[in-house]
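Analysis of the macromolecular model
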Amino acid sequence: MLTKKQRELLLFIHQSIKETGVSPSFDEMKEAANLASKSGIHRLITALEERGFVRRLAHRARAIEVLKLPDSATPSAPPLGRTSFKPALVNASGVSSQRSARDTIPVLGRIAAGVPIEAIQTETDRITSPEAGMNEDDFYALEVRGDSMINAGILDGDIVILKKGDDASSGDIVVALIDEEEATLKRIRKRGQTIALEAANPDYETRIFGPDRVRIQGKLSALIRRYS
């Protein structure tokens, strides 16, 4: 028999693994469970492990395997109010050539998914829209450089497609312009009067800024991955 918190955390971990391929970080679990400290998450995971619902894999960061779910679980709906990005992955070689020439998106250079780089402004290429309705009026694309978003399914060399806009909800993956001169691809967290730009790789630290230092340049909508 699981407590409400244990059950919710189990479903949250299950859904995260289903969506991204990896278990969530302790910070993500703490925020989703609305707990004040990571020690509470450790206790919940230990309880789930003792009851045979999960297994921690040795010598691997963020490695939790879900062994079973409660009989009454309905994990099709995201637990704990989680809203997360699931990449709409398109093999570049499979994009239809029948699409109108107008259905293209400008590639505006490269974006760092690690250390922030100079802001992107110049068109370097154009790609065929992976979905109907995606056009240059509302979308643009960037080539990813770096590995800080790998646990969100975004790899070095991917082409990310972003919906233009200057607003985003906490938890969205965005292009953020820092101090009007650095652009980076990160998950945004809004915490009171501060903005956190969070990596999806434990090797990178979360960066905290005042609201006047960060301007949203677009929200992640899809990505294209080229296979050699």
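Residues numbered from 1 in each chain as written. Predicted model: local features only at pLDDT ≥ 70, side-chain atom pairs only at ≥ 80, totals over all residues. Heavy atoms only, no water.

**Let's talk about the nonpolar core**
Applicable threshold: As used in this record, nonpolar core signifies buried Ala, Val, Leu, Ile, Met, Phe, Trp, Tyr and Cys residues forming a set joined through side-chain atoms within 4.5 Å. Only protein chains enter the accessibility calculation, which uses a 1.4 Å probe; a residue is then buried when its area is under 20% of its type maximum, exposed when over 50%, and partly exposed in between. Runs of E in the DSSP output that reach at least two residues are strands. Runs of H or I that reach at least four are helices, and both are numbered from the N terminus. We call two residues in contact when some of their heavy atoms are within 4.5 Å.
Counting 18 residues, the largest nonpolar core has Ile111, Leu142, Ile154, Val160, Val175 and Leu185 as its most contacted members. Broken down by secondary-structure element, the contributors of at least two residues to this core are β4 (104–112), β7 (139–145), β8 (159–163), β9 (173–178), β10 (182–191) and β13 (214–225). The residues touching Val160, leaving out its near neighbours within four places in the chain, are Ile111, Tyr140, Ala141, Leu142, Val144, Ile154, Leu185, Leu220, Ala222 and Leu223. Judged by nonpolar contacts, the second largest core, of 15 residues, contains Ile41, Leu44, Ile45 and Val54.

**What to know about the environment of Asp166**
With respect to the helices, strands and loops of the structure, Asp166 is situated in the loop between β8 and β9. Overall, the relative accessible area of 63% leaves Asp166 in the exposed class. In sequence terms Asp166 and Arg215 are 49 residues apart; their C-alpha atoms lie 6.8 Å from each other.

**With respect to helix α2 (residues 26–33)**
Let me state the cut-off plainly: What the arc describes is the spread of directions from the helix axis to the C-beta atoms.
Every buried residue of α2 is listed here: Glu28, Met29, Ala32 and Ala33. Taken end-on, α2 shows its buried residues confined to a sector of 120 degrees, consistent with a single buried face. Where the residues of α2 are buried, they touch α1 (4–20), α3 (38–50), β2 (64–66), β10 and β11 (194–198). Backbone geometry just after α2 places Asn34 at a positive phi near 60 degrees.

**Quick word on the pattern of salt bridges**
Put simply, the test is: The term salt bridge refers to a side-chain nitrogen of Lys or Arg lying within 4 Å of a carboxyl oxygen of Asp or Glu.
Under the criterion given, the structure shown has 17 salt bridges. Here Arg191 ties to Glu31 by a salt bridge, and the two come within 3.5 Å at their closest N and O atoms. Pair noted here: Arg191 is in strand β10 and Glu31 is in helix α2, with a separation of 160 residues, a long-range link. The exposure class of Arg191 is partly exposed, given its relative accessible area of 38%. Overall, Glu31 belongs to the partly exposed group, its relative accessible area being 36%. A salt bridge links Arg191 to Glu198; its shortest N-O distance comes to 3.8 Å. Classification of Glu198 by relative accessible area gives buried; the value is 6%.

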